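Secondary and tertiary structure notes
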Amino acid sequence: MNDDIELLLEKLQAIAQSGKHYGKDVFDLERYQQLEDVAKKLTAQLTNNATPENLNIFFDADTGYVTPKVDVRATTFKDDKILLVQEKSNGKWSIPGGWADIGYSASEIATKETFEEAGIHTKPLRLIAIKDMQKNHYPKKNLSYIYKLFFECTPTEDDIHSGVEASNVKYFTLDEALNLNLSLERNLPEDFKMAFKCHNSKDWQTYFD
């Protein structure tokens, strides 16, 4: 689906959902419900694999004012190599990370996800980037609007081992990483280049869109 059309659908969903939450007039609530129904029908027609169940999950997952979801990635370096995990689901490689959870700061999520996926404790050092997934043309599996946060981390131990979601864990040079079968919805080649550039820089200014 075209990125511009996807963004318009996301905006329609956000307007409908926010209106249903904040609207007081019964007629306005009815109109916002109609707007959501139209958005669902458009999404179903423009998305090849959107089932009614998937659409309901997307449209009804949140209540209130709609905000972007946050994906946190932890780039951990050792001996100028980056730590990557291989996904069990598809065999592709990615920087450890995942959705931000309630009750954790963003840096705590970076540490938590790295331990769960690679089996080691790490210490976040600095924020590399805050990237708008839509504006940077990541492939996406759903219609959620997403911000991606990348942290540079350092390991506090050496015993890496695959966790529940990963089948393999290893450190790679930049060239080695770029030649892997990468999970592009999680990390683009540009992300690796930026992470290494940050790692090799004494004074790094956080990138943001």
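Residues numbered from 1 in each chain as written. Predicted model: local features only at pLDDT ≥ 70, side-chain atom pairs only at ≥ 80, totals over all residues. Heavy atoms only, no water.

Considerations on the overall build of the protein chain
What the protein chain contains, in helices and strands, is six helices and eight strands. Ordering the α and β elements of the protein chain from the N terminus gives α-α-α-β-β-β-β-α-β-β-β-α-α-β. Counting across all 209 residues of the protein chain, residues that qualify as buried make up 40%. In the protein chain, once contacts between residues fewer than 6 apart in sequence are set aside, the share between residues at least 24 apart is 70%. Accessible area for the protein chain stands at about 11800 Å²; split by element, carbon and sulfur atoms hold 53% of it. (Helix = DSSP H or I, 4+ residues; strand = E, 2+ residues; numbered from the N terminus. Buried < 20%, exposed > 50% of the residue type's maximum accessible area, 1.4 Å probe, protein only. Contact = heavy atoms within 4.5 Å. Areas by Shrake-Rupley, 256 points an atom, 1.4 Å probe, with all protein chains shown as cover.)

Points about the side chain of Ser94
By secondary structure assignment, the location of Ser94 is in strand S3 (residues 93-94). At a separation of 2.8 Å, a polar atom in the side chain of Ser94 contacts the side chain of Glu87. If we skip the residues at most four places from it in the chain, Ser94 touches Arg73, Leu84, Val85, Glu87, Ser183, Arg186 and Asn187. (Polar contact = N/O pair within 3.5 Å; in protein donor to acceptor, adjacent residues only side chain to side chain.)

As for the pattern of salt bridges
When the charged atoms of two side chains lie near each other, side chains of opposite charge can form a pair. Using the criterion set out here, one finds 10 salt bridges in the structure. Between Asp71 and Lys148 there is a salt bridge; the shortest N-O distance is 2.6 Å. In this pair, Asp71 is assigned in strand S1 (residues 69-78) and Lys148 in strand S6 (residues 146-155), connecting sequence segments 77 residues apart. In terms of burial, Asp71 and Lys148 fall into one category: buried. One salt bridge in this structure joins Lys112 and Asp101, with 3.0 Å as the shortest N-O distance. Here the residue Lys112 occupies a position in helix H4 (residues 106-118), and Asp101 occupies one in the loop between strand S4 (97-99) and H4, the gap between them amounting to 11 residues. If you follow the salt bridges from partner to partner, you end up with Asp101, Lys112, Glu113 and Glu116 in one network. (Salt bridge = Lys/Arg side-chain N within 4 Å of Asp/Glu carboxyl O.)

Points about the pairing of S6
Burial runs high along S6: eight of the 10 residues are buried. When S1 meets S6, the two strands line up parallel, connected through eight bridges. Bridging from a neighbouring strand, Arg73 pairs with Phe150 of S6. (Pairing = 2+ DSSP bridges.)

Focus on the pairing of S1
Taken across its 10 residues, S1 has seven buried, putting it largely inside the fold. Sheet topology note: the S1/S4 ladder contains three bridges and is antiparallel. Residue pairing in the sheet places Arg73 in a bridge with Gly97 of S4. For S1 and strand S2 (residues 81-87), the ladder comprises two bridges, and the chain directions are antiparallel. Note on S2: the bridge partner recorded for Phe77 is Ile82.

Some points on the packing of aromatic side chains
What the rule picks out here adds up to three aromatic pairs. Ring geometry for Trp93 and Phe172: centres 5.0 Å apart, planes at 80 degrees, overall edge-to-face. Of this pair, Trp93 sits in strand S3 while Phe172 sits in strand S7 (residues 166-172), and the two are 79 residues apart along the sequence. Residue placement shows Lys112 over the ring face of Tyr104; its charged tip is 5.4 Å from the ring centre. Positioned above the aromatic ring of Tyr138, the side-chain terminus of Lys148 is 5.2 Å from the ring centre. (Phe/Tyr/Trp six-rings, centres within 6.5 Å; stacked < 30°, edge-to-face > 60°. Lys NZ or Arg CZ within 6 Å of the ring centre and 35° of its normal.)

Focus: the nonpolar core
Ranked by size, the top nonpolar core spans 20 residues in total, and within it Ile82, Leu84, Ile95, Ile128, Phe150 and Phe192 carry the most contacts. Where this core is concerned, the elements lending two or more residues are S2, strand S5 (122-132), S6 and helix H6 (189-199). Counting residues per element, this core draws most heavily on H6, at five residues. In contact with Ile95, not counting residues within four places along its chain, are Arg73, Ala74, Thr75, Ile82, Leu84, Phe150, Asn187 and Phe192. (Core = buried A, V, L, I, M, F, W, Y, C linked by side-chain atoms within 4.5 Å.)

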